[in-house]
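Here is what each chain is made of, one letter per residue.
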Amino acid sequence: MDEVRQKIIALLKENIRNVPDFPKAGIQFKDITPLLRNPDTLELTSQILSRPFRNANIDYVVGLESRGFLFGTNLAQDLHAGFVPIRKPGKLPAETISATYALEYGEDTIEIHKDSFATGDRVLIHDDLIATGGSALAATELVEQLGAEVAGYSFIAELAALSGRDQLKENIPIDILLAL
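Please read these numbers as outputs of a predicted model, since none were measured by experiment.

**Q** I'm lost on the packing of aromatic side chains in this one. Help?
**A** The description of two aromatic rings rests on the distance between their centres and on the angle between their planes. Summed over all chains, the structure comprises 4 aromatic pairs. Ring geometry for Phe69 against Phe83: centres 6.0 Å apart, planes inclined by 90°, an arrangement best described as edge-to-face. Taken together, the residues Phe69 in helix α4 (residues 67-78) and Phe83 in strand β4 (residues 82-86) connect sequence positions 14 residues apart. Since its relative accessible area comes to 26%, Phe83 is described here as partly exposed.

Below is the structure:
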């Protein structure tokens, strides 16, 4: 199965393009829209993301705005879990809590509804990419502030040179499909 997984990951990597100087000069943006456009890579990505967490008793998948929504809902469906969006300020209609974090090119804030979880719920945090780890760490803070437990982290890709995974909590499973 490892050989098949590696072939799938190589195919996925071929369908992620690099866009220089976006959103700012010097940033090399990793664009997953070619992966989304191809029906085969779209389906394969969804299938391979859920595999490591199938027996983890996940109650909710949290998807980070906005690209974490693209596969986060499929991941939740595959794991028979609910989906909870984490969004930028002012986008959620009910009462929220927020966390601010550093980006590789600035600072940002994310929010979640205050009533998203019950105490002890098991949550999988998903985003398309981990760079500095700031948004995933902020999501962890929000999940835990609401009394839930982070049961795992799921990413399609990582910018390994930025060491974002080192910012995440130890002893929590991390699944990253590919390094860029």
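**Q** What should I look at first to understand the pairing of strand β8 (residues 149-158) in this one?
**A** Look at any regular strand and the pattern is simple: side chains alternate between the two faces of the sheet. By the criterion of burial, β8 is predominantly enclosed, with 9 of the 10 residues buried. In terms of strand pairing, strand β7 (residues 122-130) meets β8 through 8 bridges, oriented parallel. If you follow Ile130 over to β8, its bridge partner there is Glu158. The parallel pair β7 and β8, bridged by helix α5 (residues 134-145), forms a crossover whose chirality is right-handed.

**Q** Is there a simple way to explain the packing of helix α1 (residues 2-14) against helix α3 (residues 39-50) in this structure?
**A** How two helices sit against one another is set out by the angle between their axes and by the gap between those axes. With their axes 10 Å apart at the nearest point, α1 and α3 run at an angle of 130° to one another. In terms of orientation, α1 and α3 fall into the oblique class. Seen along the crossing, α1 lies across α3 with a hand that is left-handed. The residues of α3 that touch α1, namely those facing Arg5, Ile8, Ile9, Leu11 and Leu12, are Thr41, Leu44, Thr45 and Ile48. When its residues are assigned to classes, the contact of α1 with α3 shows 6 nonpolar, 2 polar and 1 charged.

**Q** Honestly, the sheet that holds strand β3 (residues 60-64) in this entry has me stumped. Any pointers?
**A** Hydrogen bonding along the main chain pairs the strands of a sheet, whether they run parallel or antiparallel. An order of β4-β3-β7-β8-β9 is seen for the 5 strands of this open sheet, with the pairing classed as parallel. The outermost strands of the open sheet, each flanked by one partner alone, are β4 and β9 (174-179). Averaged over all pairs of adjacent strands, the angle between their axes in this sheet comes to 20°, without regard to strand direction. Where β3 lies against β4, 5 bridges are found, and the strand directions are parallel. Bridge pairing in β4 links Val62 to Val84. Across the face of the sheet, α5 comes into contact with β3, β4, β7 and β8 while running at roughly 160° to β8.

**Q** I tried to follow the environment of Gly120 on my own but got confused; where do I start?
**A** Tracing the backbone through its elements, the reader meets Gly120 in the loop between β6 (106-113) and β7. In this structure Gly120 comes out as partly exposed when scored by relative accessible area, which is 45%. For Gly120 and Leu146, which are 26 residues apart along the polypeptide, the C-alpha to C-alpha distance reads 9.3 Å. Not counting the four nearest positions on each side in its chain, Gly120 is found in contact with Asp59, Gly147 and Ala148.

Definitions and limits used
- Residues numbered from 1 in each chain as written.
- Predicted model: local features only at pLDDT ≥ 70, side-chain atom pairs only at ≥ 80, totals over all residues.
- Heavy atoms only, no water.
- Phe/Tyr/Trp six-rings, centres within 6.5 Å; stacked < 30°, edge-to-face > 60°.
- Helix = DSSP H or I, 4+ residues; strand = E, 2+ residues; numbered from the N terminus.
- Buried < 20%, exposed > 50% of the residue type's maximum accessible area, 1.4 Å probe, protein only.
- Pairing = 2+ DSSP bridges.
- Right-handed = clockwise from strand over helix to strand, strands pointing away.
- Axes fitted to C-alpha atoms, helices over the stretch in contact; angles between N-to-C directions.
- Parallel < 35°, antiparallel > 145°, perpendicular 65-115°, else oblique.
- Left-handed = near helix turned anticlockwise from the far one by under 90°.
- Contact = heavy atoms within 4.5 Å.
- Nonpolar A, V, L, I, M, F, W, Y, C, P; charged D, E, K, R; others polar.

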